[in-house]
Amino acid sequence: MNAKTVMENDAKYIAHAYARNPLVLEKGKNATAWDADGKKYIDFTSGIGVNALGWANEGWVEAVTKQLSTLQHTSNVFYSEPCTIAAKMICEKSGMKKVFFANSGAEANEGVIKAARKYSFTKYGPQRRTIVALENSFHGRTMATLSATGQDVFHQYFFPFVEDFKFAKANDTEGTIAMLTGEVCAVMMEMVQGEGGVMPLDKEYVKAVYDYCQAHDILLIVDEVQTGIGRSGTFFSYQQFDIQPDLVSCAKGLGGGLPIGAVLFGEKTEDVFGPSDHGSTFGGNPAVCAGAIYVMNQIDDAFMAEVAKKGNYMREKISKMAHVKSVVGMGMMLGVELEEGYTSKQVLSALLQNGLMVLTAKAKVRLLPPLTITQEELDEGLAIMEQTLANM
Ligand SMILES: *Cc1c(COP(=O)(O)O)cnc(C)c1O
């Protein structure tokens, strides 16, 4: 099928929930892709932070297909080995104690929200149930996670939303702590707000809120859906903030390209869920977990040092490019702030035409390259970016 037919079928048969870019991808290898007409692209998106090891990583494909040809699904009424290994690896890399597997970031966040409320309900009764999230956050598209998302544009049409979410201003320590009154059970935050515009939180802010929460038995929930699994230069981004959260959600990069989400429980919360408190038909799927195990096996200290190095390299090169005001982020999650008069959408279109795939996050150009991107691919992508910006 040629690109034109694919786009026509999409317009006719796929619900118009996405504003897609005019590119029909056909195949990829690591951070390089080709469209239906054979045109080549360098990928600075990883399918929104999902393809941590790029496209068609041989070891990952082998691990997944081996599991597929053995047992593709078991359901959670039986035991299976891959999810137990994946969970053990996550716990060992994060200091968390237990894992519940779901299938997406939003589902992982549904899990942390339910766990936080049950923890507090059991200990303090039904009134202590408010969750303080941050303005400008993004936590997903289900009803509860939309309710937890601190952006008004997401709070339309679908009323009534889930009650008792409040929003604090990120990096406003005093204001946030003032909101942590007797009915609050948890605070929820992304260490770098992703969809909200690649906005890193201040270390002092996170630590102060964490310390206050610890002292008052308010749970700290960290949404690592976008920042997790090596993206920030550490396995989880919170590991650079001198804290140990009570609940963590992760998803995107964990599966390396297959749908997975995970709720991570800390010492206080590890026994919150009992039988039938939560569940998922697909959660912990053996093939998906085989992929996650392969991904996590690659992400050792040396790998993460490379991520940090490549992130710094990108940051240094991009901050010198034309029309760039600043570059922010952590590791290989970067936001490029443009000079006035240049929109992120306009830059994305120009880059795509010239063979570089990027994302936007509000006014910023957002970059999430595969963590395995080679120096050659990186330089090729950066050269496209430099020339494109210079000619705008
Ligand atoms: C993408 C994202 C989600 C939602 O994940 P889905 O898999 O799309 O449901 C939640 N939180 C953050 C921080 C994200 O970046």
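Residues numbered from 1 in each chain as written. Predicted model: local features only at pLDDT ≥ 70, side-chain atom pairs only at ≥ 80, totals over all residues. Heavy atoms only, no water.

Colleague: Requested: an account of the domain arrangement of the chain, with residues and values cited.
Modeller: With domains assigned, the chain is organised as domain 1 (3–52 + 301–390) and domain 2 (60–298). For domain 1 and domain 2, the distance between their C-alpha centroids amounts to 26 Å. Listed as interface residues are 25 residues of domain 1 and, on the opposing side, 28 residues of domain 2. When domain 1 packs against domain 2, the two sides together hide about 2000 Å² of surface, and 63% of this comes from carbon and sulfur. Looking only at domain 1, the three residues that lose the most surface to domain 2 are Met304, Met330 and Met333, adding up to 33% of its buried area. Connecting domain 1 to domain 2 are one salt bridge. A salt bridge links Glu195 to Arg366, with the nearest nitrogen and oxygen atoms 2.9 Å apart. Inspection of the domain 1/domain 2 interface yields eleven residue pairs in polar contact (both at pLDDT 80 or more). If you list the elements that add at least two residues to the side of domain 1 that touches domain 2, you get helix H2 (46–49), helix H10 (301–319), strand S13 (324–330), strand S14 (333–338) and strand S17 (364–367). Residue classes in the side of domain 1 that touches domain 2 are distributed as 16 nonpolar, six polar and three charged. (Domains from an automatic or database assignment. Contact = heavy atoms within 4.5 Å. Buried area = accessible area lost by both parts, 1.4 Å probe. Salt bridge = Lys/Arg side-chain N within 4 Å of Asp/Glu carboxyl O. Polar contact = N/O pair within 3.5 Å; in protein donor to acceptor, adjacent residues only side chain to side chain. Helix = DSSP H or I, 4+ residues; strand = E, 2+ residues; numbered from the N terminus. Nonpolar A, V, L, I, M, F, W, Y, C, P; charged D, E, K, R; others polar.)

Colleague: An account of the site of the ligand is requested, with residue identities and associated values reported.
Modeller: In the region of the ligand, the neighbouring residues are Ser104, Gly105, Ala106, Asn109, Phe138, His139, Glu190, Asp223, Val225, Gln226 and Lys252. Within the contact set of the ligand, an oxygen atom lies 2.8 Å away from a backbone nitrogen or oxygen of Ala106. Between the ligand and the protein, one listed contact pairs a nitrogen atom with a backbone N or O atom of Phe138 at 3.3 Å. Considering the ligand on its own, with 380 Å² of exposed area, one finds that the protein chains cover 81% of that surface. Ranked by residue count, the leading element in the shell around the ligand is helix H5 (residues 105–124), at three residues. (Near = heavy atom within 4 Å. Areas by Shrake-Rupley, 256 points an atom, 1.4 Å probe, with all protein chains shown as cover.)

Colleague: Break down the pairing of strand S3 (residues 40–43) for me, citing the residues and quoting the values.
Modeller: Relative to S3, strand S2 (residues 32–35) runs antiparallel, the two sharing three bridges. From the neighbouring strand, Ala33 faces S3, where its bridge partner is Tyr41. Connecting the antiparallel pair S2 and S3 is a turn made up of four residues, with Gly38 showing a positive phi of about 85°. The pairing of S3 with strand S15 (residues 356–357) spans two bridges and is parallel. Residue pairing for S15: Asp43 is matched across the bridge by Met357. (Pairing = 2+ DSSP bridges.)

Colleague: Before we move on, could you go through helix H8 (residues 203–215) and cite the residues and values that matter?
Modeller: An α-helical segment advances 3.6 residues per turn. Residues three or four places apart therefore align on the same side. Its 13 residues give H8 an end-to-end C-alpha distance of 18 Å, which sits within 8% of 18 Å, the value for a rise of 1.5 Å per residue. Along H8, the residues classified as buried are Tyr205, Val206, Val209, Tyr210 and Cys213. Across the axial projection of H8, the buried residues extend over an arc of 125°, all falling on one side. Summarising the geometry of H8, the exposed residues directed more than 90 degrees from the buried face are Glu204 and Ala215. Packing partners of the buried residues in H8 comprise strand S5 (130–134), helix H7 (173–178), strand S7 (184–189) and strand S10 (219–223). Following H8 by one or two positions, Asp217 has its phi on the positive side, about 55°. (Expected span 1.5 Å × (residues − 1). Buried < 20%, exposed > 50% of the residue type's maximum accessible area, 1.4 Å probe, protein only. Arc of directions from axis to C-beta.)

Colleague: Outline the sheet that holds S13, listing residues and values.
Modeller: Across the sheet, four strands lie side by side as S13-S14-S17-S16; this open sheet has antiparallel pairing. Edge positions in the open sheet fall to S13 and strand S16 (359–361), since each of these has one partner strand only. Across the sheet, the mean angle from the axis of one strand to that of its neighbour is 30°, orientation sign disregarded. Summarising the sheet, S13 and S14 pair through six bridges and their orientation is antiparallel. Its bridge partner being in S14, Gly329 is matched across the sheet by Leu334. (Axes fitted to C-alpha atoms, helices over the stretch in contact; angles between N-to-C directions.)

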